[in-house]
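A look at the structure
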Amino acid sequence: FFFFKQKTAYEMLRSLVGSEMCIRDRYMATVVEIEPKLVRVFLKGAPDAILNHCSQIEKSKHNAKLSLQDEMKGVNNMIEQLSAESYRCIGFCYKDVQISKEADLEHLVSANEDELLKDMIFIGLAVIYDPPRAEAKSSIEKCNQAGIDVIMVTGDSKQTAIGIGRECGIISDQDFQNSKSVLEGYELRSILGQTTSEANLGASEDTQASNIKNFEAIVDQIKIIARASPSDKFLLVKTLKQIGKVVAVTGDGNNDAPALKSADV
C-alpha cells in the first residue's frame, strides 16, 4: 500500500509508486486522502486479480452491479482476446471509504486491509503492446538449427506469453498437443517440489529442487513458463544445471540478475 495526502507533490508520488509491487497478489494498492474523513483506495494490477476484488463496474458515470453472467463474461472475453494478440493488460478499480476521524492512513489499512479491498468498482483496462525485437524470430530459428532449446520465462499472463511465443517462433501449433509445453510459475514449482511459501522467500544459493526426476521427464517439452517470479527463473536455471544442461540466460531487468548470475552464459 502507498499513502498520499491530498496535495502530495507529483514527483514524490512517482518515486513512491514506482518503488514496490505486491508480487504475490499481483497488484499495487494506493490510498489517497480525498478530503477530511474520506479516502479513496485505488488498485491496479493483473486483471484477474483486480476483478477478484470487484463487485461493481462503472459505466456511463453510474455504478451498475457487475453481473457474473453478463458484464464479467464480456470483460473476461476482452482480456482473453487482447492477451491472445500479445497485449499486456492492466486492470484498474477503486473504492471510496468514509472514516470517522482523520486517522493515520497506515493504521487504517493495517487494521482493515481485507475490508478495504472488498466490493471495489472496476473502471477499465489499459493495454500495452511491447513488440518483440525485429531480430528475435531469426535468432530463435538459429538457436533451433544449432540444437539449442529455447524456453521463454516471463511474468506475463499465459495468454500473452503464448501470443508473443507464436510471434517469435518459440511455440508452434504442434507444441500445443503437449500439455507441458506452456506452464505457469506455480506449475513449475509443483513439478520441482517447491511450495509457494518457499518461492516467496526469493532466490538464494540454497534454493534446490526436490523432484529432479519429474523435471527431467518433461524438460524437453517445455517452451514457455508464464507468470514466473524472479525466484522461478533462478530455480529453473539451477535445476537445468543440476541435470547436466549448459544454460545461457538473456534478460535486461533487475529481476533477471539472480538467474543471469547463476547461468553458464
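Quick summary incoming for the structure in this document.

Calculation criteria
Residues numbered from 1 in each chain as written. Predicted model: local features only at pLDDT ≥ 70, side-chain atom pairs only at ≥ 80, totals over all residues. Heavy atoms only, no water. Buried < 20%, exposed > 50% of the residue type's maximum accessible area, 1.4 Å probe, protein only. Helix = DSSP H or I, 4+ residues; strand = E, 2+ residues; numbered from the N terminus. Contact = heavy atoms within 4.5 Å. Expected span 1.5 Å × (residues − 1). Arc of directions from axis to C-beta. Salt bridge = Lys/Arg side-chain N within 4 Å of Asp/Glu carboxyl O. Pairing = 2+ DSSP bridges. Axes fitted to C-alpha atoms, helices over the stretch in contact; angles between N-to-C directions. Phe/Tyr/Trp six-rings, centres within 6.5 Å; stacked < 30°, edge-to-face > 60°. Core = buried A, V, L, I, M, F, W, Y, C linked by side-chain atoms within 4.5 Å.

**Notes on helix α6 (residues 158-168)**
Residues of α6 that are buried: T160, A161, I162, G163, I164, G165 and C168. Buried positions along α6 lie against α3 (71-84), β6 (88-98), α5 (136-145), β8 (152-153), β9 (182-184) and β10 (224-226). G169 sits one or two residues past α6 and shows a positive phi near 80 degrees.

**Brief notes about the environment of E33**
In this fold, E33 is placed in strand β2 (residues 27-35). Residues E33 and D96 lie 63 residues apart in sequence; the distance between their C-alpha atoms is 9.8 Å.

**Concerning α3**
The terminal C-alpha atoms of α3 lie 20 Å apart, and with 14 residues this matches the ideal 20 Å at 1.5 Å per residue to within 8%. Among the residues making up α3, those that are buried are M72, V75, I79, L82 and S83. Along the axis of α3, the buried residues cluster in a sector spanning 100 degrees; they form a single face. Along α3, the residues that are exposed and aim more than 90 degrees away from the buried face are K73, Q81 and A84. Looking at the packing, one finds that the buried side of α3 touches α2 (47-51), β4 (54-59), β6, β7 (120-128) and α6.

**Description of unusual backbone geometry**
Phi angles above zero are rare outside glycine, and S86 is one such case at about 75 degrees. The class for S86 is buried, based on a relative accessible area of 4%.

**A word on the pattern of salt bridges**
According to the stated counting rule, one finds 9 salt bridges in the structure shown. Between R189 and D232 there is a salt bridge, with its nearest N and O atoms 2.9 Å apart. With R189 in helix α7 (residues 185-192) and D232 in helix α10 (residues 230-242), this pair connects stretches of sequence that are 43 residues apart. In this structure, a network of salt bridges that share partners links the residues R26, D48 and R227.

**Looking at the sheet that holds β10**
Taking strand neighbours across the sheet as the criterion, the 3 strands line up as β8-β10-β9 in an open arrangement whose pairing is parallel. Of all strands in the sheet, those bounded by a partner on one side alone are β8 and β9. Of the pairings in the sheet, the one linking β9 to β10 comprises 3 bridges and is parallel in character. Looking at β10, one finds that V182 is bridged to I224. Along the sheet, α6 makes contact with β8, β9 and β10, crossing β10 at roughly 150 degrees. Running over the sheet, α7 touches β9 and β10 and is turned about 90 degrees from β9.

**Topic: the packing of aromatic side chains**
Within the structure shown, the criterion is met by 1 aromatic pair. Between Y87 and Y129, the aromatic rings sit 5.5 Å apart at their centres with planes inclined by 55 degrees, giving tilted as the arrangement. One end of the pair, Y87, is in the loop between α3 and β6; the other, Y129, is in the loop between β7 and α5, and 42 residues separate them in sequence. The partly exposed category is assigned to Y129, whose relative accessible area is 38%.

**A short note on the nonpolar core**
The biggest cluster of nonpolar side chains holds 20 residues, and the ones touching the most others in it are V41, L43, I50, M120 and F122. Breaking this core down by element, the ones donating at least two residues are β2, β3 (38-45), α2, β4, α3, β6 and β7. Not counting chain neighbours up to four residues away, the residues in contact with F122 comprise I50, L51, C54, Q56, I57, E58, V75, G91, F92 and C93. Formed by 19 residues, the second largest nonpolar core is a distinct cluster that contains F215, I225, I243 and A263.

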